Structure formats: C-alpha cells, structure tokens
Amino acid sequence: MSVLLTGGTGFVGSHTAVELINAGYDVVIADNLSNSSADVVDRIGRITGVVPPLYVIDVADKTALNKLFDERSIDAVIHFAGYKAVGESVARPLMYYRNNLDTALSLLETMEEHGTRIFVFSSSATVYGDPETVPIDESSPAGSCSNPYGRTKYFVEKILSDAAAADPDLSVVLLRYFNPIGAHESGLIGELPSGIPNNLMACITQAAAGILEQLSIYGADYPTPDGTGVRDYIHVSDLAAGHVAALRYAQDHKGCEAVNLGAGRGFSVLEVVRAFEETTGVHVPRRFAPRRAGDIAMCYAGTEKALKVLGWRAEKSLEDMCRDAWRWQRNCGPGTDP
Ligand code: UD1
C-alpha cells in the first residue's frame, strides 16, 4: 500500500515515514522544504534501508500534485504540511489561512480526481483551546482556539468532516496531537527549529548545549502543583506509531473520527527540566520569566478512544524523551555540523 506524506521531511512526518516503512508501507514524500532539508530522506534510508521518493513541491499547487498522483499510485494521504508557529500566525494570519487551507483543499480535490479515499490529518490539541476540565477527551468542545494557527487546524477538521459526510467512500482520521518531543533513538532525525525555538524541549536542549544562554520558564504562578505549566508530552516515535494505527483503522472504516494522540498524563515545566538533568547529567541554566501570552495552565489527553478505536497507546517514558532529544541535539541538532 502506497502512502503519500505531505510535509514528510518535517519533525513528525519523518518519524512517521520511518514507522510506516518498518510496517511494510510504500512511502512517497511531498515537501517544499520550507522548514526542513532534503537530506532527511537519506537519514530515513539509513534507519530503514529504504530511501522514500521525495517530490519537492508545494502541496497547494494542484498541477504539481496531479503530476505526482499520475506518476505514483497513492492509496492514502497523511497530511502534515503546514505552517505551525503560533506567534507568526498572530502576526501573519492571512499567510496561515491561505497556506494551511489551500494545501488541504488541493489535496482533497486531487485525491477525489484520482480515487484516493483515505486521509489522515495532522491536527492538534490546540483545537480544544483552554479546557474546562482535564483530561480532555474527544467530546470536549473544540473551536475556541486562541490563535490563527489553531483555527487553521480547526477549520481543516471541519472541511474534512463535511467532505466525509458528503462522500460515503471517504475515510478521515483527525489526529489531535498533544506535545510531541524527543527524537528517533538513532539520533539521525529530530526537530530542527529554524531560528529561535519556541517549544519547551528545543529550548531545554539548546540551553543545555549553550546555544541559548538560559531557559526561560514562563510562569511560576499557575494553579498547578508547582506553579509551572503542565502538558502531555509524547515521544515523537510513539506519535508516529499512532499514525500507522490510524492508517490501519482507516483502511477498514469510513467516515470521520477525531482521536487524541497523547500519553494521558501531565508533567510540569520543572518536572521536565529535572527529568532532563537527571537523565542526561547535564545542567540546564534557567530563570523564571512572566507567563507567555496565550499559554494555558494545564492540558493532558484522555486516551481511552485511541486505545479503543486504534488499539494504540504511548509506550515511552519522559526519560526516553529527554535522552533521545539530547542525543539528537548532540549528533545533528542546531549548532552541530552533522
Ligand atoms: C504550543 C502551541 C500549540 C502547538 C504546540 C506545537 C502555544 C500557545 N501553543 O503548545 O498550539 O500545537 O506548541 O508543539 O504556543 N515553556 C517554557 N519555556 C519555553 C518554552 C515553553 O516555560 O522556553 C513552557 C510553556 O509555557 C508551556 C510548556 O513549556 O507551559 C510547553 O510549551 P510548548 O512546548 O511551547 O508547547 P505548548 O505551548 O503546549
């Protein structure tokens, strides 16, 4: 079975390519390399023994997509391509709406023309906004996102559920990610943030490596056990395995299902920093700073549906996530010359 990964050279896409190839799927990647590099396909090849074909195209470009679908017989699509920086989305909302909606629409139209009826979407727990209760299950209200990036995820979810309602042959799975961190245990693929990182683990590893002067801990006065923000961190390889499970599910079912991909428990910023230091033996210089605009206090996933519907759950520990993130940072991460 042949699976097109849009954004397949990115952080989650590349790890999913590895898991899919290991599970016996044929992977084709489409990526415009706007936030990743072409050598990721060789690294996927070093891990799996298979170098997936890479189409350097813009997924919003229907002419280029049509050519790809004409050349390859594509049975399913996993759509990762998209802009994902929250702050940038506030500053440049139109760019976010244009890109993230156009890519999804071009894909759906091209798939329809070529009879490809399986679509797995890289969505986000950000669609839940600030939750009233935790854990957050899939029936929690969605749509009150605090930024344009989150709204693009929510709007594409709606487009997909409307498309599935209109077409009984279409199978859609919306995967709502919590906080993916870590890296493949080989140290060959991982997260490569361009410029100054925003996400916690990238800031920790860069502070530990001396690239950032120190980690700023945004807020020590949240209503959480130690006052710092609590999130559901999930190892990116576990998350990738969740996509393989979603694809298997979509092969046997029609309609549209939203499923959380999280580990189902929350860790505070301080707990993550301490776990990193204990696992790696490396000190993380840090200071407390004011809360970051738009941040919520606490968020973690209800995971029952993922287990029931996909037969999947996260396996790796916070220590695994810290160890693998650090190995990646030292081997090939920002500031290294791999
Ligand atoms: C953020 C996005 C979310 C997106 C996700 C992708 C916001 C409001 N949300 O989630 O939409 O889907 O990234 O990965 O930006 N922290 C620090 N210092 C840092 C960085 C983070 O203390 O230098 C804290 C944050 O305040 C938060 C936690 O670490 O409590 C996790 O932050 P982050 O990794 O940025 O993820 P989210 O904010 O949960």
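The structure this text deals with has already been given above.
Owing to the predicted nature of the structure, the values given are computational and were not obtained by experimental measurement.

A.B. asks: Where do I start with the site of the ligand in this structure?
C.D. replies: The environment of the ligand is formed by 20 residues, the closest being Leu-200, Ser-216, Arg-231, Arg-292 and Asp-295. Thr-126 places a side-chain nitrogen or oxygen 3.2 Å from an oxygen atom of the ligand. Take Asn-199: an N or O atom from its side chain is 3.1 Å from an oxygen atom of the ligand. Bound to the protein, the ligand loses 88% of the 740 Å² it would expose on its own. For the shell around the ligand, the leading source of residues is strand 8 (residues 215-218), giving 4 residues. Taken together, the residues of the shell around the ligand sort by class into 9 nonpolar, 8 polar and 3 charged.

A.B. asks: Can you help me understand the packing of aromatic side chains in this one?
C.D. replies: By the definition in use, this model includes 4 aromatic pairs. Aromatic side chains Tyr-154 and Phe-155 sit 6.4 Å apart centroid to centroid with 50° between the ring planes, which places their arrangement in the tilted category. Look at Tyr-154 and you get buried, because its relative accessible area is 19%. Classification of Phe-155 by relative accessible area gives partly exposed; the value is 33%. Taken together through their ring pairs, the aromatic side chains of Tyr-97, Tyr-154 and Phe-155 make up a single cluster. Positioned above the aromatic ring of Tyr-222 is the side chain of Arg-291, whose terminal nitrogen or guanidinium carbon lies 4.1 Å from the ring centre.

A.B. asks: Can you walk me through the nonpolar core in this structure?
C.D. replies: Taken as a class, soluble globular proteins show a tendency for nonpolar side chains to be buried jointly. The biggest cluster of nonpolar side chains holds 38 residues, and the ones touching the most others in it are Leu-5, Leu-20, Leu-175 and Leu-310. The greatest single-element share of this core, amounting to 8 residues, is contributed by helix 8 (residues 236-252). Residues in contact with Leu-5, not counting those within four places in the same chain, are Gly-13, Thr-16, Ala-17, Leu-20, Val-27, Val-28, Ile-29, Ala-30, Ile-78 and Phe-80. Residues Leu-4, Tyr-55, Ala-81 and Ala-258 belong to the second largest nonpolar core, which totals 27 residues.

A.B. asks: Can you walk me through the environment of Ser-2 in this structure?
C.D. replies: Mapped onto the secondary structure, Ser-2 falls in strand 1 (residues 2-6). Residue Ser-2 is classed as buried on the basis of its relative accessible area of 10%. Separated by 323 residues in the primary sequence, Ser-2 and Ala-325 place their C-alpha atoms 30 Å from one another. The contact partners of Ser-2, leaving out residues within four places of it in the chain, are Asp-26, Val-28, Ser-73, Ile-74, Asp-75 and Ala-76. A polar contact is formed between the side chain of Ser-2 and the backbone oxygen of Ser-73, at a distance of 3.1 Å.

A.B. asks: Teacher, can you tell me more about helix 1 (residues 11-22) here?
C.D. replies: It helps to recall that an α-helix has 3.6 residues per turn; residues three or four apart then point in one direction. Helix length check: helix 1, at 12 residues, gives a terminal C-alpha distance of 17 Å against a target of 16 Å (1.5 Å per residue), a fit within 8%. Of all 12 residues that make up helix 1, 10 are buried, and the element is covered over most of its length. What helix 1 keeps buried is the set Phe-11, Val-12, Gly-13, Ser-14, His-15, Thr-16, Ala-17, Val-18, Leu-20 and Ile-21. Two residues or fewer past helix 1, Gly-24 is found with a positive phi of approximately 100°.

So, how was this worked out
Residues numbered from 1 in each chain as written. Predicted model: local features only at pLDDT ≥ 70, side-chain atom pairs only at ≥ 80, totals over all residues. Heavy atoms only, no water. Near = heavy atom within 4 Å. Polar contact = N/O pair within 3.5 Å; in protein donor to acceptor, adjacent residues only side chain to side chain. Areas by Shrake-Rupley, 256 points an atom, 1.4 Å probe, with all protein chains shown as cover. Helix = DSSP H or I, 4+ residues; strand = E, 2+ residues; numbered from the N terminus. Nonpolar A, V, L, I, M, F, W, Y, C, P; charged D, E, K, R; others polar. Phe/Tyr/Trp six-rings, centres within 6.5 Å; stacked < 30°, edge-to-face > 60°. Buried < 20%, exposed > 50% of the residue type's maximum accessible area, 1.4 Å probe, protein only. Lys NZ or Arg CZ within 6 Å of the ring centre and 35° of its normal. Core = buried A, V, L, I, M, F, W, Y, C linked by side-chain atoms within 4.5 Å. Contact = heavy atoms within 4.5 Å. Expected span 1.5 Å × (residues − 1).

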